[in-house]
Amino acid sequence: MNWKTFYALLARDAHVARRNLGPTLLQNLLQPLLFTFVFGKVMTGSGMMPASYKNMLLPGVMAISMVMAGVQAVAMPLITEFQFTREIEDRLLAPIEVGWLAVAKIVTGMIQAMAAGLVVIPAAWLIMGSGVTLDFTHPVEFLLVALLVAGFSSTGGLALGCSVGQTQIGLMFSLVLAPMMMFGCAYYPWSALESFPLLHIAVLVNPLVYASEGLRGALVPQVPHMNTLVVIGALTAIDLCLLFLGLKKFRQKAVS
Amino acid sequence: MGIGIRIENLRKVFDTPPPMAGRGAGFSFTPARSGRKDTSPKKFELVALDGVSFEIRAGEIFGLLGPNGAGKSTTIGILTTRTQPTSGRAIIGEYDVWQEQVKAKRLIGVVPQRPNLDFSLTAREILTFHGAYFGQSFRERERRADELLEKFKLTDRATHMVRTFSGGMMQRLSIARAMMHDPEVMFLDEPSAGLDPQTRLLLWDTIREYNRLGKTIVLTTHYMDEADALCHRLAIIDHGKIIAEGTPTELKATIPGGYLLRLRFDRISEALLNDLRALPGVTEVRSAEACSVDVYAGSGGPLIGPIVNAAVAAGMELRDVHIQEPSLETLFLHHTGRSLRD
């Protein structure tokens with residue numbers, strides 16, 4: 001393992017991320033925060049939703065923001081770099097095993113996902129005003145779940161980025177990301193699906209379910225949520241599967 | 001000092017259209033390799049290299065000459081860890097490229113056919129980050145980046161994003177990037193394609209100068225004059241096979257007669273061909289297509305009179321004459337029956 005090269009690859013990604021900071025923040029955070037405003041402020045303020053809904057919503061919005069940030073931070077550059085200009089070769093020729101280039105991308109994606117998640121907490125708090133009661137008494141559990149969510153978002157970004165062509169980006173959003181968000185238990189708890197038995201089981205293939213429920217368990221344990229150990233187990237398994245799949249696809253695409 | 005290269009019996013069969021289609025033969029926008037339809041009867045198969053072996057000596061400028069789609073870029077791709085061979089071995093210095101990729105990558109600099117620069121960075125950052133990937137210290141990479149930007153006349157655009165660059169500037173920056181970590185072997189894949197004559201001469205000077213430092217240079221080209229002017233040794237490749245190998249002088253000496261006269265008549269007959277064969281200095285007469293005759297001979301112009309006489313005597317009309325002096329072009333034509341530009 002060549003740490004100097006690995007560090008330089010990370011430094012390059014950090015440099016590019018800093019340069020695009022403004023647009024990246026807007027891209028990742030605007031939509032979830034608008035959602036927070038409509039559901040957490042307008043709907044609850046007008047009495048259409050109970051005030052307790054705010055507590056339910058915040059971890060979900062955080063999960064969505066993290067996933068969007070991580071997926072986009074890894075997938076979008078990869079799709080561009082693998083197109084016919086083969087920009088990726090600029091770095092594939094660096095003296096390091098090609099898999100480490102993918103790992104560097106995952107680390108970059110995880111950092112961006114964590115940053116997005118941490119920005120959402122105060123931002124959503126500000127938007128929704130009073131009535132949000134977060135519980136920070138389990139920092140280790142919170143950090144572990146957040147890291148696993150960041151890991152799932154960037155390994156997922158790697159797998160998607162290596163599977164999707166430039167012309168299919170729109171499809172990726174409407175076929176993969178949109179259903180994932182809608183059925184990700186971000187805007188309602190998993191237990192709310194008990195009245196739809198089929199859906200209740202079917203959504204378990206959606207990693208976002210574990211992300212939302214896990215953050216709920218860590219931040220607002222007073223609302224119904226999935227058992228944290230189940231969440232951690234499921235997210236670990238998903239992270240490992242996506243990592244394996246993403247690396248495999250990356251290697252296939254890197255070498256012709 | 002100096003690093004040699006050996007390739008043994010390389011074979012490459014693409015089972016999906018290669019990205020950038022063999023990196024040379026036009027590209028398709030087929031989005032991704034699906035890998036799911038292996039059972040379909042129309043399975044894609046493209047033999048890009050078919051048992052290629054040759055050796056490149058340390059410190060020489062070696063040229064791979066051939067038309068588009070001949071396998072030049074695939075050979076370079078395999079030597080630069082970007083294309084995995086189906087079978088065979090490629091060895092740079094003491095490292096098998098596909099066994100010890102990282103060590104091989106340290107030895108090589110690559111100038112690709114199409115600029116694969118990092119479009120998220122400025123020209124200067126491309127060089128400094130490249131230096132960083134190769135473990136150069138901050139001071140060293142700053143110094144080298146400045147030197148190379150100056151050398152390739154890019155200093156005034158150093159802080160601009162490269163996506164705003166012209167093709168020639170991108171090409172110059174690609175060469176600067178390849179030289180950034182001072183590699184022992186430099187690969188240039190069709191370096192002068194699309195360059196203006198002035199930049200082309202600058203490129204040739206750069207290549208010769210770098211070679212004088214004891215570095216091995218491998219370049220591909222389909223320009224005969226480039227191969228002739230620049231390369232110490234050449235391999236001519238067509239349809240994934242090496243068809244001739246040697247110094248430009250040696251190769252040219254293998255052409256029968258040296259001169260090639262391409263003639264076109266209104267019609268031809270076996271008697272006319274025999275008459276042509278009998279002319280003084282003619283070594284070979286071939287007729288590949290109807291009405292066309294290729295005559296290899298020791299001289300060009302002086303033969304025209306006798307050829308016209310022979311045609312008149314046979315009652316045929318000479319419609320077109322083209323004389324080619326001894327060149328690699330003639331050599332290529334001799335070996336493949338086609339012109340390089342076909």
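Residues numbered from 1 in each chain as written. Chains lettered and ligands numbered in written order. Predicted model: local features only at pLDDT ≥ 70, side-chain atom pairs only at ≥ 80, totals over all residues.

## As for the overall build of chain B
Alright, step 1. Tallying secondary structure elements over chain B gives 12 helices and 14 strands in all.
Alright, step 2. Once the C-alpha set of chain B is aligned to its principal axes, its extents read approximately 80 × 55 × 40 Å.
Alright, step 3. Counting only residues that meet the buried cut, chain B has 44% of its 342 residues in that class.
Alright, step 4. Counted over contacts in chain B with a minimum sequence separation of 6, partners at least 24 positions apart contribute 73%. (Helix = DSSP H or I, 4+ residues; strand = E, 2+ residues; numbered from the N terminus. Buried ≥ 20, exposed ≤ 12 C-beta atoms within 10 Å, placed from the backbone. Contact = placed C-beta atoms within 7 Å.)

## Regarding the interface of chain B and chain A
Alright, step 1. The interface of chain B with chain A comprises 28 residues on the first partner and 26 residues on the second.
Alright, step 2. Where the side of chain B that touches chain A is concerned, the elements lending two or more residues are helix 3 (101-107) and helix 4 (123-133) of chain B.
Alright, step 3. No other element matches the 4 residues that helix 3 of chain B contributes to the side of chain B that touches chain A.
Alright, step 4. Looking at the side of chain B that touches chain A, its residues break down into 15 nonpolar, 8 polar and 5 charged. (Nonpolar A, V, L, I, M, F, W, Y, C, P; charged D, E, K, R; others polar.)

## A short note on the pairing of strand 3 (residues 61-65) of chain B
Residues and elements named next belong to chain B.
Alright, step 1. With 5 of its 5 residues buried, strand 3 lies for the most part within the structure.
Alright, step 2. When strand 3 meets strand 8 (residues 216-221), the two strands line up parallel, connected through 5 bridges. Bridged to Gly 63 within strand 8 is Leu 219.
Alright, step 3. Pairing analysis gives 4 bridges linking strand 3 to strand 9 (residues 233-238), with the strands arranged parallel. Following the sheet pairing, Phe 62 is matched in strand 9 by Arg 233. (Pairing = 2+ DSSP bridges.)

## Regarding helix 2 (residues 21-45) of chain A
All names here are of chain A.
Alright, step 1. A maximum bend of about 40 degrees is found in helix 2 at Leu 29, where proline Pro 32 lies one to four positions downstream.
Alright, step 2. Within helix 2 the residues assigned to the buried category are Thr 24, Asn 28, Leu 29, Pro 32, Leu 33, Thr 36, Phe 39, Gly 40 and Thr 44.
Alright, step 3. Check the buried side of helix 2 and you find it contacts helix 1 (3-19), helix 3 (53-81) and helix 5 (98-128).
Alright, step 4. In the stretch just after helix 2, Gly 47 is the one whose phi turns positive, near 85 degrees. (Bend = angle between axes of the 7 residues up to and from the residue.)

## Focus: unusual backbone geometry
All names here are of chain B.
Alright, step 1. Its identity is not glycine, yet Thr 81 carries a phi of approximately 65 degrees, on the positive side.
Alright, step 2. The topology assignment puts Thr 81 in the loop between helix 2 (72-79) and strand 4 (87-92).
Alright, step 3. One non-glycine residue, Lys 153, lies in positive phi territory at about 55 degrees.
Alright, step 4. A count of 12 C-beta atoms within 10 Å places Lys 153 in the exposed class.

## So, the confidence of the model for chain A
Alright, step 1. On average, chain A scores 89 in pLDDT, and the residues at 70 or more come to 100%.
Alright, step 2. Considering each helix and strand of chain A separately, the mean pLDDT is smallest for helix 2 of chain A, with a value of 84, and largest for helix 6 (residues 139-161) of chain A, with 94. (pLDDT = per-residue confidence, 0-100.)

## Here's the deal with the packing of helix 6 of chain A against helix 9 (residues 207-219) of chain A
For any two helices packed against each other, one specifies the inter-axial angle together with the distance between the axes.
All names here are of chain A.
Alright, step 1. At their nearest, the axes of helix 6 and helix 9 sit 9 Å apart, and the two run at 160 degrees to each other. Relative to helix 9, the element helix 6 lies roughly antiparallel. Handedness of the helix 6/helix 9 crossing: left-handed. Contacts between helix 6 and helix 9 involve Glu 141, Phe 142, Val 145, Val 149 and Phe 152 from the first element and Pro 207, Ala 211, Gly 214, Leu 215, Ala 218 and Leu 219 from the second. (Axes fitted to C-alpha atoms, helices over the stretch in contact; angles between N-to-C directions. Parallel < 35°, antiparallel > 145°, perpendicular 65-115°, else oblique. Left-handed = near helix turned anticlockwise from the far one by under 90°.)

## Some remarks on the sheet that holds strand 11 (residues 259-265) of chain B
Residues and elements named next belong to chain B.
Alright, step 1. The antiparallel open sheet is built from 4 strands, whose spatial order is 12-13-11-14. In this open sheet, the two edge strands, each paired with only one partner strand, are strand 12 (282-286) and strand 14 (318-324). Geometrically, the sheet is characterised by an average inter-axis angle of 20 degrees between neighbouring strands, direction not taken into account.
Alright, step 2. One ladder, built from 4 bridges, connects strand 12 with strand 13 (residues 292-297); its direction is antiparallel.

## Overview of the sheet that holds strand 9 of chain B
Residues and elements named next belong to chain B.
Alright, step 1. Pairing is mixed in the open sheet, where 6 strands are placed in the order 6-7-8-3-9-10. Both outer strands of the open sheet, strand 6 (108-111) and strand 10 (241-246), are each paired with one neighbouring strand and no more. Across the sheet, the mean angle separating the axes of adjacent strands is 15 degrees when strand polarity is ignored.
Alright, step 2. Bridge analysis of strand 6 against strand 7 (residues 185-189) gives 4 bridges, and the strand direction is parallel. What sits directly across from Val 111, in strand 7, is Leu 188.
Alright, step 3. Against the sheet, helix 2 makes contact with strand 3, strand 7, strand 8 and strand 9, and its axis sits at roughly 150 degrees relative to strand 7, the strand it touches most.
Alright, step 4. Against the sheet, helix 12 (residues 328-336) contacts strand 3, strand 9 and strand 10, and its axis sits at roughly 140 degrees relative to strand 10.

## Section: the environment of Gln 83 of chain A
Alright, step 1. Inspection of the secondary structure puts Gln 83 of chain A in the loop between helix 3 and helix 4 (89-92).
Alright, step 2. In the structure, Gln 83 of chain A is positioned 82 residues away from Gly 165 of chain A in sequence and 7.4 Å away in space, judged by C-alpha atoms.

## Points about the nonpolar core
Nonpolar side chains in soluble globular proteins generally cluster together in the buried interior.
Alright, step 1. Counting residues in each nonpolar core, the largest one holds 162 residues, and the members touching the most others are Ala 63, Met 66 and Val 149 of chain A together with Ala 176, Phe 187 and Val 295 of chain B.
Alright, step 2. Residue contributions to this core peak at 17 residues, all from helix 3 of chain A.
Alright, step 3. For Ala 176 of chain B, the residues in contact, after removing those within four places along its chain, are Leu 127, Leu 148, Leu 149 and Phe 152 of chain B. (Core = buried A, V, L, I, M, F, W, Y, C linked by C-beta atoms within 7 Å.)

## So, the environment of Phe 39 of chain A
Residues and elements named next belong to chain A.
Alright, step 1. Of note, Phe 39 is situated in helix 2.
Alright, step 2. Considering only alpha carbons, one finds Phe 39 and Val 98, 59 residues apart in sequence, at a separation of 44 Å.
Alright, step 3. Residue contacts for Phe 39: discarding those within four places in its chain leaves Met 49, Leu 57 and Tyr 187.

## What about the pairing of strand 1 (residues 5-14) of chain B?
Along a regular strand, successive side chains alternate from one face of the sheet to the other.
All names here are of chain B.
Alright, step 1. Across 5 bridges, strand 1 lies against strand 4 in antiparallel orientation. Its bridge partner lying in strand 4, Ile 5 is registered against Ile 92.
Alright, step 2. When strand 1 meets strand 2 (residues 46-56), the two strands line up antiparallel, connected through 8 bridges. Its bridge partner lying in strand 2, Arg 6 is registered against Glu 55.

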